[in-house]
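Spelled out from the first residue to the last, the chains are:
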Amino acid sequence: MPEDRLIIAAAVGLDGSLAEIPGCERVLLFERGEDGFRESGALDFSFRGVDGLRQMRARLSELVGRLEGVAAVAAKGFPGVARDVLTRNGHVLYEIGGLSREVLEGIGEHLDRGEFFEPEEAPVAPLEKEEGSGVYFLDMRKALNANPDLSTKKILRPFFAGVRFKELEFICDHLPPWLPGELAALGLRHEARPADGGALVRVYAKEGQSE
């Protein structure tokens, strides 16, 4: 990236101090010039009123759209979906305790050296655990976090319609409320149990469906 055009965004609260992404009220922009980094702009941006994962993903996508030309985002933390959405849209994230010229210069040097890794792509459809087993798995949370335009319906309905399977397991934040009725209509059964702060859902094919 050109040394004369490097922009770092920092999430701050009402008092101007560094904040976690969900708690930010403004986003400050710092651009590198001949004499180092200087504040070059600010965006009024907060997550007030956001309720639930889908709204959070939508708000984060809006933020991404306003960070054109920004190479890195600095904040006190990137909890939940924030890390996935921002990294998968090309931003390098820095979780730091506070802002200073020295910190910004350090981030700039790190970016110049390219000492970071591209995130792995998250599967967006259930994958067969072993070829020919008929048993499939998907981490639904990672799929949705990485792809804000998707939903459990958009992922699962094509799977149920087009894949012959014995069993499907997927991890999600909670059992989708629409799922039990739709599974019953398809002649499928399910069970769910708590797992990793969310739910592990198992869906079983009706007798003879996978043959």
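For the structure, see preceding data.
As a starting point, this report considers the structure included with it. (Residues numbered from 1 in each chain as written. Predicted model: local features only at pLDDT ≥ 70, side-chain atom pairs only at ≥ 80, totals over all residues. Heavy atoms only, no water.)

Regarding the packing of aromatic side chains
Basically, it comes down to this: The aromatic pairing rule takes the rings of Phe, Tyr and Trp, using the six-membered ring of Trp, and pairs them if the centres are within 6.5 Å, calling planes under 30 degrees apart stacked, those over 60 edge-to-face and the rest tilted. Think of it in three bands: with a 1.4 Å probe and only protein chains considered, a residue is buried below 20% of the maximum accessible area for its type, exposed above 50%, and partly exposed in between.
The final tally for this structure, using the stated rule, is five aromatic pairs. Centre to centre, the rings of F159 and F165 are 5.1 Å apart; their planes meet at 40 degrees, and the pair counts as tilted. The same class applies to F159 as to F165, namely buried. Look at F160 and F165: their rings are 6.1 Å apart centre to centre, the planes differ by 35 degrees, and that puts the pair in the tilted class. Of the two residues examined, F160 and F165, each falls in the buried class. Among the aromatic side chains, those forming a connected cluster through ring pairs are Y136, F159, F160 and F165.

Structural notes on the nonpolar core
Applied cut-off: In these notes, a set of buried Ala, Val, Leu, Ile, Met, Phe, Trp, Tyr and Cys residues joined through side-chain atoms within 4.5 Å is what counts as a nonpolar core. Counting from the N terminus, the helices are DSSP H or I runs at least four residues long and the strands are E runs at least two residues long. Residues count as neighbours in contact if any of their non-hydrogen atoms are within 4.5 Å of one another.
By size, the foremost hydrophobic cluster in this structure holds 24 residues, and its most contacted members are I21, V27, F47, L60, L67, V73 and F78. When contributions to this core are tallied by element, the ones reaching two or more residues are β1 (7-12), β2 (26-33), α1 (53-66), β4 (72-75) and α2 (81-87). Aside from chain neighbours lying at most four places away, what touches F78 is I21, V73, R83, L86, L93, Y94 and E95. Within the second largest apolar cluster, 21 residues are counted, among which are F159, W178, V201 and V203.

Concerning the side chain of S151
With respect to the secondary-structure elements, S151 resides in the loop between α4 (140-146) and α5 (152-162). Discounting residues that sit within four places of it in the chain, S151 has contacts with R54 and L144.

Some thoughts on the sheet that holds β2
What counts is decided by this rule: Strands pair, by our definition, only if DSSP identifies at least two bridges between them. Only the stretch in contact is used when fitting a helix axis, every axis being a line fitted to C-alpha atoms; angles between N-to-C directions are given from 0 to 180 degrees.
Read across the open sheet, the five strands follow the order β3-β2-β1-β4-β5; overall the sheet is mixed. Looking at which strands have only one partner, the edges of the open sheet turn out to be β3 (36-44) and β5 (92-95). When strand polarity is set aside, the average angle formed by the axes of neighbouring strands in this sheet is 25 degrees. Taken together, the three bridges between β1 and β4 define a ladder with parallel strand orientation. The residue of β4 that forms the bridge with A9 is V73. Relative to the sheet, helix α3 (residues 101-113) contacts β1, β2, β3, β4 and β5, its axis offset from that of β3 by approximately 100 degrees.

Regarding the environment of H110
What counts is decided by this rule: Pairing of N or O atoms within 3.5 Å defines a polar contact, subject to two protein rules: one partner must be a possible hydrogen donor and the other a possible acceptor, and residues neighboring in sequence count only if both atoms are side-chain atoms.
As for its position among the elements, H110 is in helix α3. Here the alpha-carbon distance between H110 and L53, two residues 57 residues apart in the chain, equals 32 Å. At 2.6 Å, the side chain of H110 forms a polar contact with the side chain of Y94.

Things to note about the sheet that holds strand β9 (residues 189-195)
Note: strands within a sheet are paired through backbone hydrogen bonds, in either parallel or antiparallel orientation. Pairing within the open sheet is mixed, and its five strands lie in the order β6-β7-β8-β10-β9. Edge positions in the open sheet fall to β6 (127-128) and β9, since each of these has one partner strand only. Looking at chain direction, strand β8 (residues 167-172) and strand β10 (residues 198-204) are connected through six bridges and run antiparallel. When the bridges of β10 are listed, F170 appears paired with V201. Against the sheet, α5 touches β7 (135-139), β8 and β10, its axis set at about 180 degrees to β8.

So, the pattern of salt bridges
Our working definition: Any Lys or Arg side-chain nitrogen found within 4 Å of a carboxyl oxygen on Asp or Glu counts as a salt bridge.
If you walk through the whole model with that rule in mind, you get 11 salt bridges. A salt bridge links E169 to R202, with the shortest nitrogen-to-oxygen separation between them at 3.4 Å. Within this pair, whereas E169 is found in strand β8, its partner R202 is found in strand β10, the two being separated by 33 residues in sequence. You can call E169 buried: its relative accessible area is 12%. According to the relative accessible area criterion, R202 is partly exposed, its value standing at 24%.

Thoughts on the environment of P180
As for its placement among the helices and strands, P180 is situated in helix α6 (residues 179-185). Each residue touching P180, except ones within four places of it in the same chain, is listed here: L175 and H190.

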